[in-house]
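Listed below, chain by chain, are the residues.
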Amino acid sequence: MAILVVTLASPRTSLGFIDRFLVTAEAYDVPAVLVFNKLDLFSKEGLEILQDFKDIYENIGYATYEVSALKGINIPVIQELITDKITLISGHSGVGKSSLINALLPDRDLRTGEVSDWSDKGQHTTTFAEMFELPQGGFIVDSPGIRELGVIDIEKEELGHFFREIFKTSHDCRFNNCRHINEPGCAVIEAVNEGNIAVSRYESYLSIYHNNDTRH
Ligand SMILES: Nc1nc2c(ncn2[C@@H]2O[C@H](COP(=O)(O)OP(=O)(O)O)[C@@H](O)[C@H]2O)c(=O)[nH]1
Ligand SMILES: [Mg+2]
Ligand SMILES: [Zn+2]
């Protein structure tokens, strides 16, 4: 399983980044879930944006969770989720991956991005992947922060397979080789216009499609 740790601020995780991560996970058949961290920092507006993000992904079948690694909010739910699995913890630098692992494994003391008051050694951060065994069964892998995520090894014609809702809807396109860009009778474009597919998801599809990240 892959957990993408997402924060809406400091640092901000974009919808495009989430979508590239999910496409990659789909392509390699790795179940992925979204964990929104730093819940303790969310303002009222932040909580509304969180709900919008959750709606987009839950509507297409991704489980989402919100936690505070720092305050220990909703950690037992994640504890249960990862039991007996091998789980990669991923996300931008500073979203709280190491803090989340510390909360899940209280006996460990991973280095987090915080500069401690009593030393001036500067920032300690994860520079390589580390795997930890869970007392309840399973393993978790801490990883260095991803700055940008290119989507590789996906043929353009296959890209739509890795957006769950686009794949499902594409069965109703007039042409079975529809690229969902400007073809007549495209059910995907129709679903976007009707609000049944999130505009942000469709934009991510177009952006990956037109990017050199994908092979021709
Ligand atoms: N307020 C708040 N800060 C957090 C939370 N989780 C992590 N942080 C802080 O965010 C910074 C980066 O955390 P770290 O675990 O090193 O992130 P990583 O780079 O993803 O491993 C540190 O200063 C943490 O203390 C949280 O739930 N709430
Ligand atoms: Mg880290
Ligand atoms: Zn189409």
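Further up the page is the structure itself.
What you see is a predicted model; the values in this text were computed from it and never measured.

### A short note on the overall build of the chain
- When its secondary structure is counted, the chain shows eight helices and six strands.
- Mapped from its N terminus to its C terminus, the chain presents α and β elements in the order β-α-β-α-β-α-β-α-β-β-α-α-α-α.
- Buried positions account for 44% of the 216 residues belonging to the chain.
- In the chain, the proportion of contacts linking residues at least 24 apart, taken out of those at least 6 apart, comes to 66%.

### Side note on the layout of surface pockets
- Here the second largest pocket is characterised by a volume of approximately 280 Å³.
- Along the wall of the second largest pocket there are 15 residues; nearest its centre are E157, H161, N176, C178 and H180.
- For the lining of the second largest pocket, the secondary-structure elements that each account for two or more residues are α5 (156-159), α6 (164-170) and α8 (199-210).
- Split into classes, the residues belonging to the lining of the second largest pocket amount to five nonpolar, seven polar and three charged.

### Focus on the sheet that holds strand β6 (residues 139-142)
- Read across the open sheet, the six strands follow the order β3-β2-β1-β4-β6-β5; overall the sheet is mixed. Each end of this open sheet is capped by a strand with a single partner; those strands are β3 (64-66) and β5 (130-133). Recorded for the sheet is a direction-independent mean angle of 25 degrees between the axes of neighbouring strands.
- Here strand β4 (residues 86-90) runs beside β6; their pairing, made up of four bridges, is parallel. Bridged to T87 within β6 is I140.
- Relative to the sheet, helix α2 (residues 44-59) contacts β2 (32-36) and β3, its axis offset from that of β3 by approximately 155 degrees.

### Points about the pattern of salt bridges
- Taken as a whole and assessed by the stated rule, the structure comprises seven salt bridges.
- For E165, the salt bridge goes to R201, with nearest N and O atoms at 2.7 Å. A residue pair is termed long-range when its members are at least 10 positions apart, and E165 in helix α6 and R201 in helix α8 qualify at 36 residues. No difference in accessibility class separates E165 from R201, as the two residues are buried.
- Close ionic contact of R179 with E183 constitutes a salt bridge, the shortest N to O distance being 2.7 Å.
- For R179, a relative accessible area of 35% puts it in the partly exposed group.
- Bridged by salt links that share partners, the residues D19, E165 and R201 form one connected network.

### Focus on the pairing of β2
- Burial runs high along β2: five of the five residues are buried.
- Across the two faces of β2 the burial is the same, with A32, L34 and F36 and V33 and V35 all buried.
- Pairing of strand β1 (residues 2-6) with β2 involves five bridges; the strand directions are parallel. In the sheet register, A2 faces β2, and the bridge partner there is A32.
- In terms of strand pairing, β2 meets β3 through three bridges, oriented parallel. By the bridge assignment for β3, V35 is matched with Y65.

Criteria and cut-off values
- Residues numbered from 1 in each chain as written.
- Chains lettered and ligands numbered in written order.
- Predicted model: local features only at pLDDT ≥ 70, side-chain atom pairs only at ≥ 80, totals over all residues.
- Heavy atoms only, no water.
- Helix = DSSP H or I, 4+ residues; strand = E, 2+ residues; numbered from the N terminus.
- Buried < 20%, exposed > 50% of the residue type's maximum accessible area, 1.4 Å probe, protein only.
- Contact = heavy atoms within 4.5 Å.
- 1 Å grid on protein atoms, 1.4 Å probe; cavity = no way out; pocket = protein on both sides within 12 Å on 5 of 7 lines; lining within 4 Å.
- Points joined across faces, edges and corners; volume = space filled by probe spheres on them.
- Nonpolar A, V, L, I, M, F, W, Y, C, P; charged D, E, K, R; others polar.
- Pairing = 2+ DSSP bridges.
- Axes fitted to C-alpha atoms, helices over the stretch in contact; angles between N-to-C directions.
- Salt bridge = Lys/Arg side-chain N within 4 Å of Asp/Glu carboxyl O.

These results come straight from atomic positions and should not be treated as a statement about function.
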